[in-house]
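As a plain string of letters, each chain reads:
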Amino acid sequence: MLVELANYPNAMEAAMVKGMLESEGIDSVLFDHGMNIADSSGWLVPVRVMVLDVDLEAARALLPIN
């Protein structure tokens with residue numbers, strides 16, 4: 001089952017996280033990136049990075065601390 005790892009105000013940040021996850025062998029999917037075309041609307045529709053529930057802990061360990 002897919003679960004939300006994190007969400008970002010723009011598609012570029014989410015795509016960078018997706019690339020980082022994939023480089024570590026963790027598949028991910030971006031939800032709502034088409035709804036977030038105008039980056040200024042990110043606070044309305046954040047881009048969600050989704051991973052398999054079995055990969056969630058490993059993916060969280062890779063996220064940079066904000």
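The structure under discussion appears in the preceding block.
The present account deals with the structure reproduced in this document.

1. Considerations on the sheet that holds strand 3 (residues 47–52)
With antiparallel pairing, three strands are arranged side by side in an open sheet as 1-3-2. With one partner strand each, in any of the chains shown, strand 1 (2–8) and strand 2 (28–31) form the two edges of the open sheet. Going across the sheet, the axis of each strand differs from the next one's by a mean of 30 degrees, ignoring polarity. As paired strands, strand 1 and strand 3 are joined by six bridges and run antiparallel to one another. The partner of Ala6 across the bridge, within strand 3, is Val49.

2. Describing the environment of Gly34
On the secondary structure map, Gly34 appears in the loop between strand 2 and strand 3. You can call Gly34 partly exposed: its relative accessible area is 47%. With 23 residues separating them in the primary sequence, Gly34 and Ala11 have C-alpha atoms 8.6 Å apart.

Reading the values: rules and limits
Residues numbered from 1 in each chain as written. Predicted model: local features only at pLDDT ≥ 70, side-chain atom pairs only at ≥ 80, totals over all residues. Heavy atoms only, no water. Pairing = 2+ DSSP bridges. Helix = DSSP H or I, 4+ residues; strand = E, 2+ residues; numbered from the N terminus. Axes fitted to C-alpha atoms, helices over the stretch in contact; angles between N-to-C directions. Buried < 20%, exposed > 50% of the residue type's maximum accessible area, 1.4 Å probe, protein only.

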